[in-house]
Structures are given as C-alpha cells and as structure tokens.
Amino acid sequence: MKPILLLTLVLCLTLPAPAGGGVPEAEERAVTSTSMETGTAWSIADPQNPTGALRNGEPITEENVLALLAEAKELWPGGMTWNYLEKAESGNNIYASDPDMSIGAACVTEWQLSGAEACGAFAAMLSDYVFGPSANPARRLEDNTRVRPGDIVFRVKPDGSAAHANIALSTAHYVGGLPCIQTADGNVGGKVRWFDTASSYPTRVNARPRYPGESVRVIYTRYPE
C-alpha cells in the first residue's frame, strides 16, 4: 500500500465546555484523518491513561461509554463508506492504528480479521476511541448475557473462524427467548451502520448454536473485572 499524503486534518471534538471553559484536555487532537490513495485513514490519539479510565479520562461506566459512542456516531455516521482496501473507492475509510499499541486492533486480528479495513477495523477503532488504544486490556466474557456497551462482538462460524465483528451499543435484551443487542458496524454493504433504535435489537449473542451450522457470538470486554 503506497500512501499518498494529500491532507491531514485534526478534528477537535465539539463538546460542552467545562466549568473553566475550553475543550477538555483529553479531547484535544483526539482523532486524526489522513487522505490516502486507498481512502481516508483514521487514527486515535493515545493519552496513555491508566487502566480503569476511558480515553477521555473519565471513569469506566456504561453511561460514560455510551457518551463516547454517541460522539463516535457524529464522527463516523451511518451510511459512511467503510469497505475493503481492494474495493477502495472515493470516500472509503480505514483505521490506521499503531499495531504495537492498539488493543482494539490486536483483539480483532487475534480472530484473523483486519485491523485496518472492513468490519474488524471499525470495531477496533471504536473500541480504541472509547477505551484508549493502549489502556484497558481486552478479556473474553464467560457469560455473553453480561455484554455491555463498547464490548467487541464476534460472529463465529462453526469452523471457528470469525465472519464479522461489531461493537455493542446496549446490554442484552431478550427477543424470542434469545439475548440480543444493538450494535455499531462497519462494512455492512460497504457502509457504516448504527443499529441503535430503541425497538431494534438485531444481533443475537447466544454462545451456543441452536441448530447445526449456526454461527455463535464470542464477546470481548475492556471493562475492569
């Protein structure tokens, strides 16, 4: 891949000003986008917060995670192109993570998904945007019904390979007797999709197949134990 640097744009998030005025320090220069011949490459600044703090320095709570995911939806809205590099087109987007630092990218590549393109990259990027690239290690959930917003969810085929990755936007709700969640996804028909309507919980998170050949979900969390 030969990047042709055309433009680097640093995005400063528009957030409510704190009591003293100005943008919170943890949010300054949080996201960088660089135009390349393969599309726009996004990177997440690493404040190197201690484990137990989100990327913006706030405590790890579901409420604070959801607030960061709402910000992420403004940056990477539904309908935005998010595809494979070989299908690069005008407006395509990828994640340019530091492979030695990104916990999100390391988590998806463990399941043989790309940390730079398609669904794996989008999930890795949102995870790093919320929890920070290098803080808060990922661990596999033993009980999928304990899924929380910000968790990385893998759809795993019967042969043990991952077919898709996305980010949980909710806790589990039961639909038809199965635990289900709302999600944020990259590369759904080549686009970003936010499945976050109150009445829709489209992703099942059952850990065991109901019938032969059914895919199951494997979930990783970066919340503290």
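Residues numbered from 1 in each chain as written. Predicted model: local features only at pLDDT ≥ 70, side-chain atom pairs only at ≥ 80, totals over all residues. Heavy atoms only, no water.

Our focus in this paragraph is the packing of helix H1 (residues 62-75) against helix H3 (residues 118-131). Orientation of H1 relative to H3, taken along the N-to-C sense of each, is 130 degrees, at an axis distance of 9 Å. Taken together, the axes of H1 and H3 are oblique relative to one another. Between H1 and H3 the crossing geometry is right-handed. Residues Val65, Leu68, Leu69, Glu71, Ala72 and Leu75 of H1 pack against Leu126, Tyr129, Val130 and Phe131 of H3. Residues of the contact of H1 with H3, tallied by class, amount to nine nonpolar, no polar and one charged. (Axes fitted to C-alpha atoms, helices over the stretch in contact; angles between N-to-C directions. Helix = DSSP H or I, 4+ residues; strand = E, 2+ residues; numbered from the N terminus. Parallel < 35°, antiparallel > 145°, perpendicular 65-115°, else oblique. Left-handed = near helix turned anticlockwise from the far one by under 90°. Contact = heavy atoms within 4.5 Å. Nonpolar A, V, L, I, M, F, W, Y, C, P; charged D, E, K, R; others polar.)

Read across the sheet, six strands follow the order S5-S13-S6-S7-S10-S11 without closing on themselves; strand pairing throughout is antiparallel. Two strands in the sheet have a free side with no partner beyond their single neighbour: strand S5 (139-140) and strand S11 (191-195). As paired strands, strand S10 (residues 183-188) and S11 are joined by four bridges and run antiparallel to one another. Bridge pairing in S11 places alanine 184 opposite tryptophan 194. Against the sheet, helix H2 (residues 103-110) engages strand S6 (152-156) and strand S13 (216-221), with an angle of about 10 degrees to S6. Sitting on the sheet, H3 touches S6, strand S7 (162-168), S10 and S11, and the angle it makes with S7 is about 25 degrees. (Pairing = 2+ DSSP bridges.)

Moving on, we get to the environment of proline 209. Within the secondary structure, proline 209 is located in the loop between strand S12 (203-204) and S13. On a C-alpha basis, the gap between proline 209 and proline 158 in space is 8.7 Å, while along the polypeptide they are 51 residues apart.

With that settled, the discussion passes to unusual backbone geometry. Unusually for a residue other than glycine, asparagine 136 sits at a positive phi of about 60 degrees. As for its position among the elements, asparagine 136 is in the loop between H3 and S5. For asparagine 187, which is not a glycine, the phi torsion comes out positive at approximately 60 degrees.

Within the structure shown, the criterion is met by one cavity of 30 Å³ or more. Of the pockets and cavities examined, the largest cavity occupies roughly 30 Å³. In terms of lining residues, the largest cavity is bounded by Asp46, Pro47, Gln48, Asn49, Ala53, Leu54, Arg55, Phe131, Gly132 and Ala135. Partitioned by chemical class, the residues of the lining of the largest cavity number five nonpolar, three polar and two charged. (1 Å grid on protein atoms, 1.4 Å probe; cavity = no way out; pocket = protein on both sides within 12 Å on 5 of 7 lines; lining within 4 Å. Points joined across faces, edges and corners; volume = space filled by probe spheres on them.)

Further remarks concern H3. With 14 residues, H3 should cover 20 Å at 1.5 Å per step; its first-to-last C-alpha distance of 20 Å lies within 8% of that length. Counted residue by residue, H3 has 14 buried out of 14 residues, so it is predominantly covered. Once H3 finishes, glycine 132 follows within two positions and takes phi at roughly 90 degrees, a positive value. (Expected span 1.5 Å × (residues − 1). Buried < 20%, exposed > 50% of the residue type's maximum accessible area, 1.4 Å probe, protein only.)

Formed by 44 residues in total, the largest nonpolar core has its most connected members in Trp76, Trp82, Phe122 and Phe154. Going through the elements one at a time, strand S3 (39-44), H1, H2, H3, S6, S7, S11 and S13 are the ones with two or more residues in this core. Within the second largest apolar cluster, seven residues are counted, among which are Val147, Ala168, Ile181 and Val205. (Core = buried A, V, L, I, M, F, W, Y, C linked by side-chain atoms within 4.5 Å.)

Fair warning: the whole summary comes from geometry, so function is off the table for now.
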